[in-house]
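Structure assessment
The lines below spell out each chain.
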Amino acid sequence: MKPGNESSITDFILLGLFSDSRHPGLLVTIILFVLGVAITGNSVLALLVWRDAHLHTPMYFLLSQLSLMDLTLISTTVPKMVTDFFSGQSFISHIGCGAQLFLYLMLGVAECVLLTLMAFDRYLAICYPLRYPVIMTSRVCLQMAIGSWVGGMLISLMHTVYAMNFSTCDSREVHHFFCEVMALLKLSCEDTSTYEKAVLATGIVFLLIPFGLILTSYILIFLTVLHMNAPEGRNKALATCSSHLSVVSLYFGPAMIIYTTPGSSLPADVDQCLFVFDVIITPMLNPLIYSLRNKEVLEALRNILWRKLMFIVKR
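The name given to the chain in an unreviewed UniProt entry is Olfactory receptor, with Bos indicus as the source organism. Comment text from UniProt for the chain, heading Subcellular location (unreviewed entry), reads "Cell membrane". Per UniProt, the chain carries the Sequence similarities (unreviewed entry) text "Belongs to the G-protein coupled receptor 1 family."

A complete count under the given rule lists 14 aromatic pairs for this structure. Between Tyr251 and Phe252, the ring centres sit 5.5 Å apart and the planes meet at 85°, which makes this aromatic pair edge-to-face. Note on Tyr251: relative accessible area 5%, which makes it buried. Through successive ring pairs, a cluster of aromatic residues spans Tyr104, Phe177, Phe178, Tyr259 and Phe275.

Moving on to the environment of Asp269. Its place among the elements puts Asp269 in helix H9 (residues 268-292). Using a relative accessible area of 52% as the deciding quantity, one classes Asp269 as exposed. Considering only alpha carbons, one finds Asp269 and Asp20, 249 residues apart in sequence, at a separation of 9.9 Å.

Relative to the 40 Å expected for 28 residues at 1.5 Å per residue, helix H1 (residues 24-51) spans 40 Å between its end C-alpha atoms, a close match to the ideal helical length. Within the sequence span of H1, burial applies to Val28, Ile31, Val34, Leu35, Ala38, Asn42, Leu45, Ala46, Leu48 and Val49.

What counts and how
Residues numbered from 1 in each chain as written. Predicted model: local features only at pLDDT ≥ 70, side-chain atom pairs only at ≥ 80, totals over all residues. Heavy atoms only, no water. UniProt positions renumbered as here; feature names shortened; annotations may be inferred. Phe/Tyr/Trp six-rings, centres within 6.5 Å; stacked < 30°, edge-to-face > 60°. Buried < 20%, exposed > 50% of the residue type's maximum accessible area, 1.4 Å probe, protein only. Helix = DSSP H or I, 4+ residues; strand = E, 2+ residues; numbered from the N terminus. Expected span 1.5 Å × (residues − 1).

The following block contains the structure:
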């Protein structure tokens, strides 16, 4: 073994996406492109909300938090995977694996909570427009954001500590591109059936229940929109809600299949594809959906680019 290739007996080996690929070079190129688009899109959207006064509203503040979560989520998994591909090594330390697992679970739970709160925000704005400014104050928005992050941290910490304390057998090969909880459980020599039921219960609480609340909110919203007399207000409400529903479908769809399905029922390649969509593709699509279909975001982007251009010309 060459110097620098040694691994500790506590290290895990991430088999990743490229081990079974016929064209790993093309695949890593596509993933790098997706990473670049995701980082650029989410960073620009968060900066627009921060810089443009017209976007200083509860909806856009919560949207900026979603962008930060997506930015962190894709940065948790993809850079490590790409680095492993180019270095030819796929080791990850026990601490590194725990950190990756913690961040993934934290962001997953936080996004579930945040998307539910964003649906509630739209429900109040459209169904109770007069009471909306009184209810959705800056303080309430901040509490929503903090609650999403802290809630994700607490749930993730419990699962991470528990999952990382299972003893493993001789094989330390994780059949995944990052340290995912169910993939790690397959390495354990212990009976993990009880804990798998706990994961299923968590999936129901943080996926099925929020999804049900979101659907209920939008059913009430659509009923209210149908009774609107102004076509402009109706179209604006439908455009905003359709963007949010698209993001909800992208996120909740794969996640519900993964975490509300019995552990061994999904084929490994299907499981990997669902995670690729959930962890890599969705963070790229979210800012595109919200920006390309939102006139206020596009207008804020044009204003900032125009000011930058004028500044360069004057120099």
